[in-house]
Amino acid sequence: MANISKTNVARLLDKAKIEYSLIPYEVDESDLGAQHIADQLGENIRQVFKTLVLHGDRNGYFVCVVPGDDEVDLKKAAKVSGNKKAEMIPLKELLPVTGYIRGGCCPIGMKKTFPTFFDSSCNLHDYIYVSAGVRGLQLRINPQALVGYVRASLADLTIDK
């Protein structure tokens, strides 16, 4: 798989002159989880971030990007996004709302620009991985560059372990 085709996400980053790498991995339709991706990449699960789309009771849709082995804390997410309550959107809404499918959702290049929040743990790493917009391709990128590009806020977003 030497010839990796550029995704829309990659084109947007090229245009913004932001450094990144596209890293392919084997897709397992029965396991779209971040642990599978981390294992394929030989990376720490804490550096493989998943992009989740939520809906708040006051402000509508927003995006949370959290480490692959964590779950988003809905109360924390609601609070940082200016909502009283928030919930994950139903899977059937993901494609019409974002333009992405499950396992290929990226904080860059959604159909609309939504308020975006990264778990502050992303800053503990020199680089993190997020989906490059399609299943089977991850984006390896500096977290500060990514957060800045999508104009995201940093917050504690995960359930305390």
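Treat the numbers as computed from the prediction; the structure is a model and nothing was measured. (Residues numbered from 1 in each chain as written. Predicted model: local features only at pLDDT ≥ 70, side-chain atom pairs only at ≥ 80, totals over all residues. Heavy atoms only, no water.)

What follows deals with the pattern of salt bridges. Applying the stated criterion across every chain, the model contains 6 salt bridges. Counted as one network, the salt bridges with shared partners bring together Arg-46, Asp-69 and Asp-70. (Salt bridge = Lys/Arg side-chain N within 4 Å of Asp/Glu carboxyl O.)

The next thing to look at is the nonpolar core. Ranked by internal contacts, the top residues of the largest apolar core, which has 31 residues, are Phe-118 and Leu-139. Where this core is concerned, the elements lending two or more residues are α1 (8-15), β1 (20-24), β2 (49-56), β3 (60-67), α4 (91-98), β6 (128-131), β7 (137-141) and α5 (143-149). Beyond its immediate sequence surroundings of up to four residues, Leu-139 is in contact with Val-9, Leu-13, Tyr-20, Ser-21, Leu-22, Ile-108, Ile-128, Tyr-129, Val-130, Ser-131 and Ala-132. One finds Val-66, Ala-86, Ala-155 and Leu-157 within the second-largest nonpolar core, a separate group that totals 12 residues. (Core = buried A, V, L, I, M, F, W, Y, C linked by side-chain atoms within 4.5 Å. Buried < 20%, exposed > 50% of the residue type's maximum accessible area, 1.4 Å probe, protein only. Helix = DSSP H or I, 4+ residues; strand = E, 2+ residues; numbered from the N terminus. Contact = heavy atoms within 4.5 Å.)

Attention now goes to the packing of aromatic side chains. By the definition in use, this model includes 3 aromatic pairs. Ring centres 5.8 Å apart and planes at 90° place the aromatic pair Tyr-127 and Tyr-129 in the edge-to-face group. (Phe/Tyr/Trp six-rings, centres within 6.5 Å; stacked < 30°, edge-to-face > 60°.)

On to the side chain of Thr-116. With respect to the helices and strands, the residue Thr-116 is situated in strand β5 (residues 116-119). A distance of 2.9 Å separates a polar side-chain atom of Thr-116 from the backbone oxygen of Phe-114. Beyond its immediate sequence surroundings of up to four residues, Thr-116 is in contact with Val-63, Val-65, Pro-107, Val-150, Ala-152 and Ser-153. (Polar contact = N/O pair within 3.5 Å; in protein donor to acceptor, adjacent residues only side chain to side chain.)

Sizing a probe to match a water molecule and rolling it over the atoms shows the empty space that remains. In this structure, the largest pocket occupies an estimated 440 Å³ of space. As for the largest pocket, its lining consists of 20 residues, and the residues nearest its centre are Lys-50, Thr-51, Leu-52, Arg-102 and Gly-103. Broken down by secondary-structure element, the contributors of at least two residues to the lining of the largest pocket are α2 (34-41), β2 and α4. Counting residues per element, the lining of the largest pocket draws most heavily on β2, which supplies 5 residues. Of the residues in the lining of the largest pocket, the class split is 12 nonpolar, 6 polar and 2 charged. Residue lining of the second largest pocket: 13 residues in total, with Pro-107, Ile-108, Gly-109, Thr-113 and Val-150 positioned closest to the centre. (1 Å grid on protein atoms, 1.4 Å probe; cavity = no way out; pocket = protein on both sides within 12 Å on 5 of 7 lines; lining within 4 Å. Points joined across faces, edges and corners; volume = space filled by probe spheres on them. Nonpolar A, V, L, I, M, F, W, Y, C, P; charged D, E, K, R; others polar.)

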